[in-house]
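Fold and geometry: a report
These are the residues of each chain, in order.
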Amino acid sequence: MACLAVGGIKTTLAEAMSAADNRFLTTREIIAYENANYGENISSGSYDDIRRKDLLLPVQAQIVLNSSFFDTQATNNPTRGYALNPLFADLIKFYGSVGWKRKLAKYQKKQKSLKDELARKRNLEKILVQLPTGVKLELSAGEHNVLQKKVVEDFLPRFGMGAEVLYIGDTSDKFLFRNDEMLAKIGFFALVHEELPDVVAYCQKNNLLFLIEAVHSAGPMSEIRVSKLKKQLEKCVATPVFITSFLNKKDFRKWVNDIAWETEVWIAESPEHMIHFNGYKFLEIHS
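Figured I'd write up the structure that's included with this text. If you're wondering where the values come from, they're calculated on a predicted model, not measured in any experiment.

**Describing the overall build of the protein chain**
A count of helices and strands for the protein chain gives ten helices and eleven strands. Within the protein chain, the fraction of its 287 residues that count as buried is 44%. Excluding contacts between residues fewer than 6 apart, the proportion of contacts in the protein chain whose partners are at least 24 apart in sequence is 52%. When the accessible area of the protein chain is evaluated, it comes to approximately 15900 Å², of which 52% is carbon and sulfur surface.

Printed below as a string of C-alpha coordinates:
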(Lines give C-alpha, C1' and ligand atoms only; values in the text may rest on other atoms or scores of the structure.)
Protein backbone atom coordinates (compact mmCIF):
# COMPACT_ATOMS: atom_id res chain seq x y z
CA MET A 1 0.00 0.00 0.00
CA ALA A 2 2.90 2.36 0.66
CA CYS A 3 4.12 1.77 -2.91
CA LEU A 4 0.63 2.39 -4.27
CA ALA A 5 0.37 5.60 -2.27
CA VAL A 6 3.75 6.82 -3.50
CA GLY A 7 2.59 6.20 -7.07
CA GLY A 8 -0.81 7.82 -6.58
CA ILE A 9 -2.55 4.59 -7.60
CA LYS A 10 -6.22 4.24 -6.58
CA THR A 11 -7.90 1.85 -9.04
CA THR A 12 -5.48 0.74 -11.76
CA LEU A 13 -1.72 0.45 -12.31
CA ALA A 14 -2.10 2.64 -15.40
CA GLU A 15 -2.45 5.59 -12.98
CA ALA A 16 1.12 5.20 -11.72
CA MET A 17 3.06 8.44 -11.33
CA SER A 18 6.76 8.71 -10.58
CA ALA A 19 9.66 11.06 -9.93
CA ALA A 20 9.43 12.01 -13.61
CA ASP A 21 6.00 13.47 -12.80
CA ASN A 22 7.51 15.26 -9.77
CA ARG A 23 5.35 13.22 -7.40
CA PHE A 24 7.15 12.89 -4.07
CA LEU A 25 5.43 12.06 -0.77
CA THR A 26 6.85 12.31 2.75
CA THR A 27 6.18 9.46 5.16
CA ARG A 28 3.41 11.47 6.82
CA GLU A 29 1.83 12.15 3.44
CA ILE A 30 1.96 8.43 2.63
CA ILE A 31 0.02 7.68 5.84
CA ALA A 32 -2.56 10.35 5.00
CA TYR A 33 -2.96 8.96 1.46
CA GLU A 34 -3.43 5.38 2.69
CA ASN A 35 -6.00 6.50 5.26
CA ALA A 36 -7.90 8.58 2.71
CA ASN A 37 -7.89 6.10 -0.18
CA TYR A 38 -7.39 2.57 1.15
CA GLY A 39 -9.62 2.54 4.23
CA GLU A 40 -6.68 2.46 6.63
CA ASN A 41 -6.54 4.09 10.07
CA ILE A 42 -2.80 4.49 10.57
CA SER A 43 -1.60 6.86 13.29
CA SER A 44 0.29 9.91 12.01
CA GLY A 45 2.96 9.06 14.60
CA SER A 46 3.79 5.85 12.73
CA TYR A 47 5.70 7.68 10.01
CA ASP A 48 8.97 6.02 11.04
CA ASP A 49 7.43 2.58 10.42
CA ILE A 50 6.74 3.60 6.81
CA ARG A 51 10.44 4.33 6.30
CA ARG A 52 11.91 1.48 8.32
CA LYS A 53 9.45 -1.28 7.46
CA ASP A 54 7.01 -0.63 4.62
CA LEU A 55 9.47 1.03 2.23
CA LEU A 56 12.68 -0.70 3.32
CA LEU A 57 12.72 -3.42 0.66
CA PRO A 58 11.14 -1.34 -2.16
CA VAL A 59 13.84 1.29 -1.65
CA GLN A 60 16.60 -1.32 -1.62
CA ALA A 61 15.16 -2.77 -4.83
CA GLN A 62 15.02 0.77 -6.31
CA ILE A 63 11.32 0.38 -7.03
CA VAL A 64 10.88 3.43 -4.81
CA LEU A 65 13.45 6.22 -4.69
CA ASN A 66 13.90 8.76 -1.91
CA SER A 67 15.13 12.26 -2.57
CA SER A 68 18.67 11.38 -1.44
CA PHE A 69 18.92 9.51 -4.75
CA PHE A 70 18.77 12.88 -6.49
CA ASP A 71 20.63 15.07 -3.97
CA THR A 72 23.01 14.68 -1.03
CA GLN A 73 20.75 15.34 1.95
CA ALA A 74 21.00 12.84 4.78
CA THR A 75 18.83 9.73 4.41
CA ASN A 76 17.36 10.28 7.88
CA ASN A 77 16.06 13.76 7.01
CA PRO A 78 12.33 13.66 7.94
CA THR A 79 11.42 16.19 5.21
CA ARG A 80 12.63 13.99 2.35
CA GLY A 81 10.11 12.58 -0.11
CA TYR A 82 9.60 9.23 -1.82
CA ALA A 83 8.70 8.61 -5.45
CA LEU A 84 8.27 5.63 -7.73
CA ASN A 85 11.23 4.92 -9.94
CA PRO A 86 10.20 6.22 -13.42
CA LEU A 87 11.42 2.96 -14.98
CA PHE A 88 9.24 0.91 -12.64
CA ALA A 89 6.19 3.17 -13.06
CA ASP A 90 6.49 2.82 -16.82
CA LEU A 91 6.84 -0.97 -16.49
CA ILE A 92 3.79 -1.68 -14.33
CA LYS A 93 1.50 0.19 -16.73
CA PHE A 94 2.09 -2.75 -19.10
CA TYR A 95 1.27 -5.46 -16.54
CA GLY A 96 -1.26 -7.92 -17.97
CA SER A 97 -0.76 -6.75 -21.54
CA VAL A 98 0.67 -8.71 -24.47
CA GLY A 99 3.85 -6.64 -24.33
CA TRP A 100 4.56 -7.38 -20.65
CA LYS A 101 7.41 -9.89 -21.06
CA ARG A 102 9.27 -7.75 -23.56
CA LYS A 103 8.84 -4.67 -21.36
CA LEU A 104 9.99 -6.58 -18.27
CA ALA A 105 13.20 -7.78 -19.97
CA LYS A 106 13.94 -4.21 -21.08
CA TYR A 107 13.33 -2.94 -17.52
CA GLN A 108 15.68 -5.50 -15.97
CA LYS A 109 18.45 -4.50 -18.38
CA LYS A 110 17.99 -0.80 -17.57
CA GLN A 111 17.90 -1.51 -13.83
CA LYS A 112 21.35 -3.10 -13.98
CA SER A 113 22.72 0.02 -15.67
CA LEU A 114 20.99 2.23 -13.10
CA LYS A 115 22.53 0.31 -10.19
CA ASP A 116 26.00 0.65 -11.71
CA GLU A 117 25.47 4.38 -12.23
CA LEU A 118 24.22 4.85 -8.68
CA ALA A 119 27.19 2.97 -7.24
CA ARG A 120 29.58 5.25 -9.13
CA LYS A 121 27.66 8.35 -7.99
CA ARG A 122 27.82 7.30 -4.33
CA ASN A 123 31.52 6.51 -4.52
CA LEU A 124 32.24 9.98 -5.91
CA GLU A 125 30.28 11.62 -3.08
CA LYS A 126 31.94 9.72 -0.22
CA ILE A 127 33.19 11.79 2.72
CA LEU A 128 36.70 10.76 3.77
CA VAL A 129 37.36 10.75 7.52
CA GLN A 130 40.63 10.03 9.31
CA LEU A 131 40.44 8.78 12.90
CA PRO A 132 43.04 9.92 15.49
CA THR A 133 44.72 6.51 15.10
CA GLY A 134 45.23 7.14 11.38
CA VAL A 135 42.48 4.76 10.24
CA LYS A 136 40.68 6.17 7.19
CA LEU A 137 36.94 5.71 6.69
CA GLU A 138 34.45 6.63 3.98
CA LEU A 139 31.10 8.11 5.07
CA SER A 140 28.16 8.43 2.71
CA ALA A 141 27.25 11.94 1.53
CA GLY A 142 25.02 14.19 3.63
CA GLU A 143 25.15 17.04 6.14
CA HIS A 144 24.88 14.63 9.07
CA ASN A 145 28.08 12.89 8.02
CA VAL A 146 29.79 16.20 7.23
CA LEU A 147 29.23 17.02 10.91
CA GLN A 148 30.51 13.61 12.03
CA LYS A 149 33.70 14.25 10.07
CA LYS A 150 34.13 17.59 11.86
CA VAL A 151 33.54 15.91 15.23
CA VAL A 152 36.29 13.37 14.56
CA GLU A 153 38.81 15.68 12.88
CA ASP A 154 38.13 19.03 14.62
CA PHE A 155 36.48 18.37 18.00
CA LEU A 156 38.42 15.36 19.26
CA PRO A 157 41.92 16.77 18.58
CA ARG A 158 40.96 19.95 20.50
CA PHE A 159 38.93 18.60 23.42
CA GLY A 160 39.29 14.81 23.38
CA MET A 161 42.56 14.70 25.34
CA GLY A 162 43.91 12.01 23.06
CA ALA A 163 40.66 10.06 22.91
CA GLU A 164 40.44 7.06 20.60
CA VAL A 165 37.29 6.53 18.51
CA LEU A 166 35.62 3.28 19.55
CA TYR A 167 32.51 3.56 17.39
CA ILE A 168 31.22 5.66 14.51
CA GLY A 169 28.06 5.04 12.52
CA ASP A 170 27.00 6.06 9.04
CA THR A 171 23.60 6.84 7.55
CA SER A 172 24.01 3.82 5.25
CA ASP A 173 26.03 1.59 7.62
CA LYS A 174 25.19 1.92 11.31
CA PHE A 175 28.30 -0.04 12.35
CA LEU A 176 30.84 1.49 9.98
CA PHE A 177 33.63 1.34 12.58
CA ARG A 178 33.76 -0.35 15.98
CA ASN A 179 36.48 -1.37 18.40
CA ASP A 180 34.69 -4.28 20.08
CA GLU A 181 37.68 -5.25 22.21
CA MET A 182 38.00 -1.85 23.91
CA LEU A 183 34.23 -1.39 24.19
CA ALA A 184 34.00 -4.71 26.03
CA LYS A 185 36.98 -3.82 28.21
CA ILE A 186 35.31 -0.67 29.59
CA GLY A 187 31.93 -2.37 29.97
CA PHE A 188 30.08 -0.50 27.21
CA PHE A 189 26.54 -1.63 26.41
CA ALA A 190 25.62 -3.69 23.32
CA LEU A 191 25.96 -1.72 20.09
CA VAL A 192 22.53 -2.85 18.91
CA HIS A 193 20.88 -0.57 21.50
CA GLU A 194 18.59 2.11 20.04
CA GLU A 195 20.15 4.87 22.19
CA LEU A 196 23.57 4.42 20.62
CA PRO A 197 25.13 7.87 19.92
CA ASP A 198 26.74 8.76 16.58
CA VAL A 199 30.33 8.78 17.85
CA VAL A 200 31.84 7.07 20.90
CA ALA A 201 35.42 7.95 21.90
CA TYR A 202 37.49 6.98 24.94
CA CYS A 203 40.26 8.89 26.71
CA GLN A 204 42.25 6.19 28.49
CA LYS A 205 44.46 8.69 30.32
CA ASN A 206 41.54 10.35 32.15
CA ASN A 207 39.11 7.41 31.86
CA LEU A 208 36.54 9.61 30.08
CA LEU A 209 33.99 8.24 27.66
CA PHE A 210 32.76 10.79 25.10
CA LEU A 211 29.24 10.09 23.85
CA ILE A 212 28.71 12.47 20.94
CA GLU A 213 25.52 13.09 19.02
CA ALA A 214 25.83 14.83 15.64
CA VAL A 215 22.54 16.71 15.30
CA HIS A 216 21.31 17.71 11.87
CA SER A 217 17.61 16.85 11.83
CA ALA A 218 16.99 15.14 15.19
CA GLY A 219 18.43 13.66 18.37
CA PRO A 220 20.17 16.07 20.82
CA MET A 221 21.29 14.90 24.26
CA SER A 222 17.98 15.53 26.02
CA GLU A 223 17.16 14.77 29.65
CA ILE A 224 15.38 11.56 28.63
CA ARG A 225 18.18 10.50 26.28
CA VAL A 226 20.86 11.07 28.91
CA SER A 227 18.83 9.21 31.51
CA LYS A 228 18.48 6.20 29.21
CA LEU A 229 22.18 6.24 28.35
CA LYS A 230 23.20 6.42 32.01
CA LYS A 231 21.04 3.39 32.73
CA GLN A 232 22.68 1.47 29.88
CA LEU A 233 26.13 2.51 31.13
CA GLU A 234 25.70 1.22 34.69
CA LYS A 235 28.41 -1.42 34.15
CA CYS A 236 30.77 0.92 32.31
CA VAL A 237 33.96 1.74 34.25
CA ALA A 238 34.59 5.05 32.41
CA THR A 239 33.08 8.43 33.32
CA PRO A 240 30.60 9.44 30.59
CA VAL A 241 30.66 12.89 28.99
CA PHE A 242 27.51 13.70 27.01
CA ILE A 243 28.05 15.99 24.03
CA THR A 244 25.67 17.38 21.41
CA SER A 245 27.33 18.75 18.28
CA PHE A 246 25.90 21.10 15.63
CA LEU A 247 27.15 22.43 12.32
CA ASN A 248 26.22 26.03 13.17
CA LYS A 249 24.52 28.30 15.71
CA LYS A 250 21.32 28.32 13.70
CA ASP A 251 20.90 24.57 14.25
CA PHE A 252 21.87 24.98 17.91
CA ARG A 253 19.12 27.56 18.46
CA LYS A 254 16.54 25.12 17.08
CA TRP A 255 17.39 22.49 19.70
CA VAL A 256 18.64 24.51 22.69
CA ASN A 257 15.45 23.94 24.73
CA ASP A 258 15.87 20.16 24.47
CA ILE A 259 19.48 19.93 25.66
CA ALA A 260 19.99 18.36 29.09
CA TRP A 261 21.81 19.95 31.99
CA GLU A 262 25.21 18.50 32.90
CA THR A 263 26.01 17.99 29.22
CA GLU A 264 28.23 19.75 26.68
CA VAL A 265 27.64 21.43 23.32
CA TRP A 266 30.12 21.89 20.47
CA ILE A 267 29.39 23.95 17.35
CA ALA A 268 31.52 23.19 14.29
CA GLU A 269 31.52 26.76 12.96
CA SER A 270 33.16 27.87 16.25
CA PRO A 271 35.47 24.89 16.80
CA GLU A 272 37.68 26.47 19.47
CA HIS A 273 34.84 26.85 21.98
CA MET A 274 32.34 24.75 23.89
CA ILE A 275 29.07 25.52 25.68
CA HIS A 276 28.75 23.95 29.13
CA PHE A 277 25.24 23.20 30.37
CA ASN A 278 26.67 22.87 33.85
CA GLY A 279 26.79 24.50 37.27
CA TYR A 280 29.14 26.67 39.34
CA LYS A 281 32.23 24.48 38.91
CA PHE A 282 33.23 26.31 35.73
CA LEU A 283 33.25 29.60 37.65
CA GLU A 284 36.19 28.31 39.65
CA ILE A 285 38.56 29.22 36.81
CA HIS A 286 37.81 32.91 37.51
CA SER A 287 38.75 32.73 41.22
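There's plenty left to go through after this.
**Focus: the packing of helix α2 (residues 27-37) against helix α3 (residues 47-54)**
Running from N to C, α2 and α3 cross one another at 95 degrees; their axes reach a closest spacing of 8 Å. The angle between α2 and α3 places the two elements in the roughly perpendicular class. In contact with T27, R28, I30, I31 and E34 of α2, α3 contributes Y47, I50 and R51. Of the residues contributing to the contact of α2 with α3, the split by class is four nonpolar, one polar and three charged.

**Topic: the pairing of strand β5 (residues 164-168)**
Most of β5 is tucked away, with four of its five residues classed as buried. Alignment of β5 against strand β7 (residues 199-203), held across four bridges, turns out to be antiparallel. When the bridges of β7 are listed, I168 appears paired with V199. Bridging between β5 and strand β6 (residues 177-178) involves two bridges; their strand directions are antiparallel. Along β6, the bridge assignment pairs I168 with F177.

**A few points about helix α9 (residues 223-232)**
For α9, the full list of buried residues reads R225, V226 and L229. Projected onto a plane normal to the axis of α9, the buried residues spread over an arc of 95 degrees and lie on a single side. For α9, the exposed residues lying more than 90 degrees away from the buried face are I224 and K231. In this structure, the buried residues of α9 make contact with β8 (208-214), β9 (239-246) and β10 (263-267).

**As for the sheet that holds β7**
Strand order in the open sheet formed by seven strands is β6-β5-β7-β8-β9-β10-β11, and the pairing between neighbours is mixed. Where the open sheet ends on each side, the last strands, each with one partner, are β6 and β11 (274-277). Examined bridge by bridge, β7 and β8 share five bridges and lie antiparallel to one another. In the strand pairing of β8, V199 is matched with I212.

**Points about the packing of aromatic side chains**
Within the structure shown, the criterion is met by nine aromatic pairs. Positioned above the aromatic ring of Y33, the side-chain terminus of R23 is 5.1 Å from the ring centre. Cation over ring: R178 sits above F175, and NZ or CZ is 5.0 Å from the ring centre.

**Concerning the pattern of salt bridges**
A side chain of one charge can pair with a side chain of the opposite charge if their charged atoms are brought near each other. Within the structure shown, the criterion is met by nine salt bridges. D48 is the salt-bridge partner of R52, the closest N and O atoms lying 3.2 Å from each other. Taken together, the positions of R52 and D48, both in helix α3 and four residues apart, correspond to about one turn of that helix. Judged by its relative accessible area of 24%, D48 falls in the partly exposed class.

**Quick word on the nonpolar core**
In this structure, V151, F155, L156, I168, F210 and I212 are the most contacted members of the largest nonpolar core, which totals 27 residues. For this core, the secondary-structure elements that each account for two or more residues are β3 (127-130), β4 (136-139), α7 (143-159), β5, β7, β8 and β9. Take this core: its biggest share by element is five residues, from α7. I168 has contacts with L137, Q148, V152, K174, F175, L176, F177, D198 and V199, leaving out every residue within four places of it along the chain.

**A look at the environment of I42**
Looking at the element boundaries, I42 is found in the loop between α2 and α3. When its relative accessible area of 23% is taken as the criterion, I42 is described as partly exposed. Remark: the alpha-carbon pair of I42 and I31, spanning eleven residues in sequence, is separated by 6.4 Å. Contacts of I42, omitting those with residues within four sequence positions, involve I31, E34 and N35.

Cut-offs applied
Residues numbered from 1 in each chain as written. Predicted model: local features only at pLDDT ≥ 70, side-chain atom pairs only at ≥ 80, totals over all residues. Heavy atoms only, no water. Helix = DSSP H or I, 4+ residues; strand = E, 2+ residues; numbered from the N terminus. Buried < 20%, exposed > 50% of the residue type's maximum accessible area, 1.4 Å probe, protein only. Contact = heavy atoms within 4.5 Å. Areas by Shrake-Rupley, 256 points an atom, 1.4 Å probe, with all protein chains shown as cover. Axes fitted to C-alpha atoms, helices over the stretch in contact; angles between N-to-C directions. Parallel < 35°, antiparallel > 145°, perpendicular 65-115°, else oblique. Nonpolar A, V, L, I, M, F, W, Y, C, P; charged D, E, K, R; others polar. Pairing = 2+ DSSP bridges. Arc of directions from axis to C-beta. Phe/Tyr/Trp six-rings, centres within 6.5 Å; stacked < 30°, edge-to-face > 60°. Lys NZ or Arg CZ within 6 Å of the ring centre and 35° of its normal. Salt bridge = Lys/Arg side-chain N within 4 Å of Asp/Glu carboxyl O. Core = buried A, V, L, I, M, F, W, Y, C linked by side-chain atoms within 4.5 Å.

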